[in-house]
Amino acid sequence: MIEEKLAIVTGASRETGLGFETAKQLTELGYRVIVTARNVDSLAALADQIGAIARPLDITDDKSVQQFAQEVEQQFGKLDALVNNAGAYFDAGQQPLSAEMDFVKDAFDANLLGAWRMIKAFVPLLEKSGHGRIVNVSSGAGSFTDPVFGLPHHPNGVPVYALTKLALNGLTVKLAKQLEGSTIKINAVCPGFVATYPGTAEWGARPVQEGAKSIVWGVTLPDDGPSGGFFRDGQPIAW
Ligand SMILES: NC(=O)c1ccc[n+]([C@@H]2O[C@H](COP(=O)([O-])OP(=O)(O)OC[C@H]3O[C@@H](n4cnc5c(N)ncnc54)[C@H](OP(=O)(O)O)[C@@H]3O)[C@@H](O)[C@H]2O)c1
């Protein structure tokens, strides 16, 4: 059993992505971090830069998630934080009536069920921490009220992506209810509109460091912190 805090960050294979920056900030705070993704080569190179452990993982694969949880249990015996950051299927320019149902299934499998699988597999280890934290990286696109990117407003449609995040927020509430009375806190966090891809800063996206800080806040919550909420920059945001 290790004494330092152990965190898992999924979806950390892109240098300009939120997963890598979140992992970097957590290592700077003294966490031992396991980063995961499918693209092993880029993941391993990035993990080396920050002294993290790289582990290939497809969050849509039940067996791979189960096996990973067994490995973490054998090697570390506990987990302090799970950051469900991996996400994709940003269907810009699409509308619900033009959605391909296979795309919809794949998107829910990754963005909703991926986080759900990880949580089911790792809750026993998070319980052993005594201060387990789960952060589901969500989006204002899945809220009703975000004035720019919310469900009734998003300028690029993104119906499938938005609905996966709406469901992820709902899952967060349901899990928080079930975990009431445990030492685990679970929250959904929106990182804001973040410049993780070229050209987005020109559209007003903020630096990845700021978006990741919003996620790290959910990892470092004190024992009397909230659970079951939706936050950006440590502030509750409306659904
Ligand atoms: N950027 C924004 O403005 C913004 C705003 C709100 C919310 N978010 C959310 O923040 C998170 C990160 O966004 P980002 O912009 O940093 O995205 P990104 O750079 O595209 O990173 C997504 C990561 O998810 C991994 N991934 C995708 N499918 C996976 C799977 N099936 N199994 C395992 N890993 C998988 C990818 O790695 P592999 O392909 O190597 O597996 C990649 O490392 C996402 O959940 C996104 O929805 C972003």
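Use the structure listed above.
Remember, it's a predicted structure, so these values are computed and weren't measured experimentally. (Residues numbered from 1 in each chain as written. Predicted model: local features only at pLDDT ≥ 70, side-chain atom pairs only at ≥ 80, totals over all residues. Heavy atoms only, no water.)

**A closer look at the pattern of salt bridges**
Step number 1: For the structure shown, the criterion picks out 11 salt bridges.
Step number 2: The residue Arg133 makes a salt bridge to Asp223 at a minimum N-O spacing of 2.7 Å. Placement of Arg133 in strand β5 (residues 133-137) and of Asp223 in the loop between α6 (208-219) and β7 (230-232) is noted, with a sequence separation of 90 residues between them.
Step number 3: Overall, the relative accessible area of 2% leaves Arg133 in the buried class.
Step number 4: Taking relative accessible area as the criterion, Asp223 reaches 47% and is therefore assigned partly exposed.
Step number 5: Of the charged contacts in the structure, one is a salt bridge between Arg206 and Glu210, with a shortest N-O distance of 3.7 Å.
Step number 6: By relative accessible area, which is 17% here, Arg206 ends up buried.
Step number 7: Residue class for Glu210 comes out partly exposed when judged on its relative accessible area of 39%. (Salt bridge = Lys/Arg side-chain N within 4 Å of Asp/Glu carboxyl O. Helix = DSSP H or I, 4+ residues; strand = E, 2+ residues; numbered from the N terminus. Buried < 20%, exposed > 50% of the residue type's maximum accessible area, 1.4 Å probe, protein only.)

**Observations concerning the nonpolar core**
Step number 1: Judged by nonpolar contacts, the single largest core of 29 residues is most densely connected at Ile8, Phe68, Val72, Leu79, Leu82, Met118 and Phe122.
Step number 2: Elements with a contribution of two residues or more to this core: β1 (6-10), α3 (62-76), α4 (101-129) and α5 (159-178).
Step number 3: Examining the composition of this core, we find that 9 residues originate from one element, α4, more than from any other.
Step number 4: One finds Ala23, Leu43, Val137 and Phe231 within the second-largest nonpolar core, a separate group that totals 28 residues. (Core = buried A, V, L, I, M, F, W, Y, C linked by side-chain atoms within 4.5 Å.)

**A look at a nonpolar patch on the surface**
Step number 1: Residues Phe144, Val173 and Trp239 make up a contiguous nonpolar surface patch of roughly 280 Å² in combined accessible area.
Step number 2: You can see Val173 is positioned in helix α5.
Step number 3: Since its relative accessible area comes to 39%, Val173 is described here as partly exposed. (Patch = residues over 30% accessible without salt bridge, like charges linked within 9 Å, V, L, I, M, F, W, Y side chains within 5 Å. Areas by Shrake-Rupley, 256 points an atom, 1.4 Å probe, with all protein chains shown as cover.)

**Section: the site of the ligand**
Step number 1: Lining the immediate surroundings of the ligand are 27 residues, of which Arg14, Arg38, Tyr161, Thr196 and Tyr197 lie closest.
Step number 2: With respect to the ligand, the side chain of Arg14 contributes an N or O atom lying 2.5 Å from an oxygen atom.
Step number 3: Interatomic distance of 2.5 Å between a side-chain N/O atom of Tyr197 and an oxygen atom of the ligand.
Step number 4: When the free accessible area of the ligand is taken as 890 Å², the share hidden by the protein chains comes to 88%.
Step number 5: For the shell around the ligand, the class distribution of residues is 12 nonpolar, 11 polar and 4 charged. (Near = heavy atom within 4 Å. Polar contact = N/O pair within 3.5 Å; in protein donor to acceptor, adjacent residues only side chain to side chain. Nonpolar A, V, L, I, M, F, W, Y, C, P; charged D, E, K, R; others polar.)

**Some words on the packing of helix α1 (residues 18-28) against helix α2 (residues 40-50)**
Step number 1: Running from N to C, α1 and α2 point in directions that differ by 25°, and their axes come no closer than 10 Å. Here α1 is positioned roughly parallel relative to α2, judged by the angle of their axes. Note that α1 runs across α2; the crossing there is right-handed. Taken together, the residues of α2 that come into contact with α1 (itself represented by Phe20, Ala23, Lys24 and Thr27) are Leu46, Gln49 and Ile50. (Axes fitted to C-alpha atoms, helices over the stretch in contact; angles between N-to-C directions. Parallel < 35°, antiparallel > 145°, perpendicular 65-115°, else oblique. Left-handed = near helix turned anticlockwise from the far one by under 90°. Contact = heavy atoms within 4.5 Å.)

**Quick notes on the packing of aromatic side chains**
Step number 1: By the definition in use, this model includes 6 aromatic pairs.
Step number 2: Residue placement shows Arg14 over the ring face of Tyr197; its charged tip is 3.8 Å from the ring centre. (Phe/Tyr/Trp six-rings, centres within 6.5 Å; stacked < 30°, edge-to-face > 60°. Lys NZ or Arg CZ within 6 Å of the ring centre and 35° of its normal.)

**Here's the deal with the sheet that holds β5**
Step number 1: Taken in spatial order, the 8 strands make up an open sheet running β3-β2-β1-β4-β5-β6-β7-β8, and their pairing is mixed. What marks the edges here is a single partner per strand, and that holds for β3 (53-56) and β8 (235-236).
Step number 2: Relative to β8, β7 is paired through 2 bridges, and the arrangement is antiparallel. Each bridged residue has a counterpart across the sheet, and for Arg232 the counterpart in β8 is Gln235. (Pairing = 2+ DSSP bridges.)

**With respect to empty space enclosed by the protein**
Unfilled space is identified by rolling a water-sized probe across the atoms.
Step number 1: Taken as a whole and assessed by the stated rule, the structure comprises 1 cavity of 30 Å³ or more.
Step number 2: Computed from the structure, the largest cavity encloses a volume of approximately 60 Å³.
Step number 3: Every residue along the wall of the largest cavity is listed here: Thr10, Ile59, Asn84, Asn85, Ala86, Ala110, Asn111, Gly114, Ala115, Val137, Lys165 and Leu168.
Step number 4: Mapped onto the lining of the largest cavity, the elements with two or more residues apiece are α4 and α5. (1 Å grid on protein atoms, 1.4 Å probe; cavity = no way out; pocket = protein on both sides within 12 Å on 5 of 7 lines; lining within 4 Å. Points joined across faces, edges and corners; volume = space filled by probe spheres on them.)

Fair warning: the whole summary comes from geometry, so function is off the table for now.
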